[in-house]
Amino acid sequence: MPWNDEFECMPLEKMQAFQLEKLKETVEWVAKRVPFYQEKFKKLGIKASDLKSVEDVAKLPFTEKNDLRDNYPFGLCAVDLKEVVRVHASSGTTGKPITGPYTKEDLEQWTECMVRNFWAAGVRPEHVVQNAYGYGLFTGGLGFHQGATALGCTVVPTSSGMTERQITLMQDFKTDVLCCTPSYALTMAERAEELKVDLRSLPLSIGMFGAEPWSTQMRKEIEERMGIRAMEAYGLTELGGPGVGFDCEVQDGIHINEDFYLVEIVDPVTLEPLPLGEKGELVFTSLQRRAMPMIRYRTKDITRLRREECPCGRTFVKMDKIYGRTDDMLIISGVNVFPSQIESLLLDIEEVEPQYQLVVRKKGYLDQLLVRVEAKKEIYAAGEKKRMEVEGKIMAHIRGHMGIGVEVNLVEPKYIARSEGKALRVVDERPKQFR
Ligand code: ADP
Ligand code: ZN
């Protein structure tokens with residue numbers, strides 16, 4: 001049974017009527033309070049009353065990350081700062097950070113979304129939850145914290161890092177649930193193996209992983225190494241952090257909290273809305289947010305939507321696992337390549353560790369891809385001949401599945417820096433003007 005079956009299992013027609021009402025409210029809300037939206041709506045000659053169905057959302061203008069940067073820090077805020085009770089910000093790894101202000105009501109809604117996420121993952125009030133997402137400006141830490149607290153779990157706010165201590169606490173506190181990025185989960189699994197701690201024999205049984213793309217193969221790898229079920233959490237700062245979508249016990253697709261987020265898929269080039277089932281860029285409109293509602297926010301995340309009967313009973317639309325972000329997409333020999341595709345192929349190869357990095361370089365006019373992947377200890381020790389053989393095997397495997405030629409470089413174990421948060425998968429070594 002879902003946490004909130006009234007909404008999570010709402011029949012489509014009723015949900016769409018609810019969404020339309022909230023959409024109009026949101027449009028009116030920002031049109032009155034945010035000059036940025038006011039001007040855009042005026043230019044397009046659009047008012048809330050022009051929206052007759054949820055599909056009419058396509059009449060509204062898009063919002064992009066740059067709009068948030070240009071209006072940093074509070075230009076898109078629809079309420080007085082007095083009403084704001086918390087401000088988060090994204091890491092800003094790709095430029096100026098962007099801010100996410102919340103009213104008290106926004107925080108409550110966020111918590112509701114997170115409780116649904118925990119519940120769907122099988123987490124119950126009697127569980128001990130170790131939260132190793134980074135606490136601070138990053139929405140991961142406090143988002144998961146609030147959800148687990150509201151559910152009544154025993155929360156251990158470890159934040160990320162100090163991996164050995166994480167493992168000790170896991171043993172001492174009999175942690176049932178681990179929350180962190182998938183790449184950090186892998187770092188922990190590896191460290192535990194080195195310390196001769198068998199995570200599989202501990203009570204730990206559920207992982208709630210998100211904040212970065214990871215392949216289905218990576219999920220299986222983590223599940224096996226930790227002896228857990230690895231569940232998914234999806235979200236982004238612009239929309240209020242994690243809690244936008246989550247997977248259920250079926251582990252086949254991420255349900256989107258449709259009463260809070262109106263979702264569309266658009267063609268990332270033409271920006272035309274695409275029908276259900278087609279792959280494209282995810283676009284969200286927040287439906288109940290007060291402090292900083294987003295109108296048609298372009299996430300740059302690529303996936304596909306499916307509306308189908310889910311055995312879990314939820315009627316929320318599902319999206320496939322995120323294939324990748326358009327800004328991480330590489331074009332190699334004319335083929336679009338997402339790091340997660342290479343990841344899943346590398347995980348088929350038993351001679352390597354699931355630790356890799358993609359290096360993009362320029363050769364003439366073409367982009368070239370170097371796949372750096374760590375050899376298992378015994379393979380690395382077996383010498384150069386063996387390493388070359390494995391490199392050849394990986395090249396052939398990638399060529400066979402993706403039709404692209406890449407260079408593969410087997411590196412020694414521990415060569416690649418371990419992640420405690422979001423893993424750095426792509427290293428861009430192209431001259432600046434080509435990036
Ligand atoms: P930043 O932009 O600084 O990385 P965010 O934490 O807001 O800050 O990042 C949100 C992005 O993280 C999403 O747009 C998406 O690309 C990625 N992400 C979050 N959850 C998942 C997930 N479950 N699977 C794949 N990617 C995810
Ligand atoms: Zn389901």
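(A) Up close: the nonpolar core. Within the largest apolar cluster, 46 residues are counted, with the highest numbers of intra-cluster contacts made by Leu60, Tyr234, Leu282 and Phe284. Those elements that place two or more of their residues in this core are α2 (12-33), α3 (35-44), β7 (229-236), β9 (254-256), β10 (261-266) and β11 (280-286). Residues contacting Leu60, with those up to four places away along its chain left out, are Leu23, Val27, Phe41, Ile46, Leu51, Ile295 and Arg296. Grouped together as the second largest cluster of nonpolar side chains are 24 residues, Ile332, Ile342, Tyr356 and Leu358 included.

(B) Main features of the coordination of the zinc ion (ligand 2). Every protein donor of the zinc ion (ligand 2) is listed here as Cys248 (SG), His255 (NE2), Cys310 (SG) and Cys312 (SG), and their distances to the metal cover 2.1 to 2.3 Å. Note that the zinc ion (ligand 2) binds four donor atoms; their angles at the metal cover 104 to 114°, and the shape is tetrahedral. Expressed as a motif, the donor residue spacing for the zinc ion (ligand 2) is C-x6-H-x54-C-x1-C. In terms of burial, Cys310 and Cys312 fall into one category: buried.

(C) Up close: the domain arrangement of the protein. With domains assigned, the protein is organised as domain 1 (1-325) and domain 2 (330-434). Each of domain 1 and domain 2 was reduced to a C-alpha centroid, and the two centroids are 30 Å apart. Counting residues at the interface gives 24 residues for domain 1 and 17 residues for domain 2. Roughly 1,700 Å² of surface becomes buried between domain 1 and domain 2 when both sides are summed, with 52% attributable to carbon and sulfur atoms. At the junction of domain 1 and domain 2, the tally comes to three salt bridges. Taking the shortest distance from any N to any O, the salt bridge between Lys414 and Glu194 comes out at 2.2 Å. Viewed at the interface, domain 2 and domain 1 are joined by ten residue pairs in polar contact (both at pLDDT 80 or more). Every element with two or more residues in the side of domain 1 that touches domain 2 is listed here: α8 (182-194), α9 (216-226) and β15 (324-325). Within the side of domain 1 that touches domain 2, the residues separate by chemical class into nine nonpolar, nine polar and six charged.

(D) Geometry of the pattern of salt bridges. With the rule as written, the count across this model stands at 41 salt bridges. Residues Arg298 and Glu64 are paired through a salt bridge, measuring 3.5 Å at the closest nitrogen-oxygen approach. Of this pair, Arg298 sits in strand β12 (residues 297-303) while Glu64 sits in the loop between α3 and α4 (65-70), and the two are 234 residues apart along the sequence. The class of Glu64 is partly exposed, set by a relative accessible area of 33%. Across the pair Glu108 and Lys104 runs a salt bridge whose closest N-O atoms are separated by 3.4 Å. Of this pair, Glu108 and Lys104 both sit in helix α5 (residues 104-120), separated by four residues, roughly a single helical turn. Judged by relative accessible area, Glu108 falls into the partly exposed class, the value being 46%. Because the salt bridges share partners, they merge into one network encompassing Asp252, Arg304, Arg306, Glu308, Lys318 and Asp320.

(E) How the structure looks around the state of the cysteines. In the structure shown here, the tally under the stated rule is zero disulfides. Between Cys180, a cysteine without a disulfide, and Cys179, which holds the nearest cysteine sulfur, the sulfur-to-sulfur distance is 7.8 Å.

What counts as what
- Residues numbered from 1 in each chain as written.
- Chains lettered and ligands numbered in written order.
- Predicted model: local features only at pLDDT ≥ 70, side-chain atom pairs only at ≥ 80, totals over all residues.
- Heavy atoms only, no water.
- Core = buried A, V, L, I, M, F, W, Y, C linked by side-chain atoms within 4.5 Å.
- Buried < 20%, exposed > 50% of the residue type's maximum accessible area, 1.4 Å probe, protein only.
- Helix = DSSP H or I, 4+ residues; strand = E, 2+ residues; numbered from the N terminus.
- Contact = heavy atoms within 4.5 Å.
- Donors = N, O, S within 2.8 Å, 3.2 Å for Na, K, Ca; no water.
- Tetrahedral: all angles 85-135°; square planar, octahedral: opposite > 155°, others 65-115°.
- Domains from an automatic or database assignment.
- Buried area = accessible area lost by both parts, 1.4 Å probe.
- Salt bridge = Lys/Arg side-chain N within 4 Å of Asp/Glu carboxyl O.
- Polar contact = N/O pair within 3.5 Å; in protein donor to acceptor, adjacent residues only side chain to side chain.
- Nonpolar A, V, L, I, M, F, W, Y, C, P; charged D, E, K, R; others polar.
- Disulfide = S-S within 2.5 Å.

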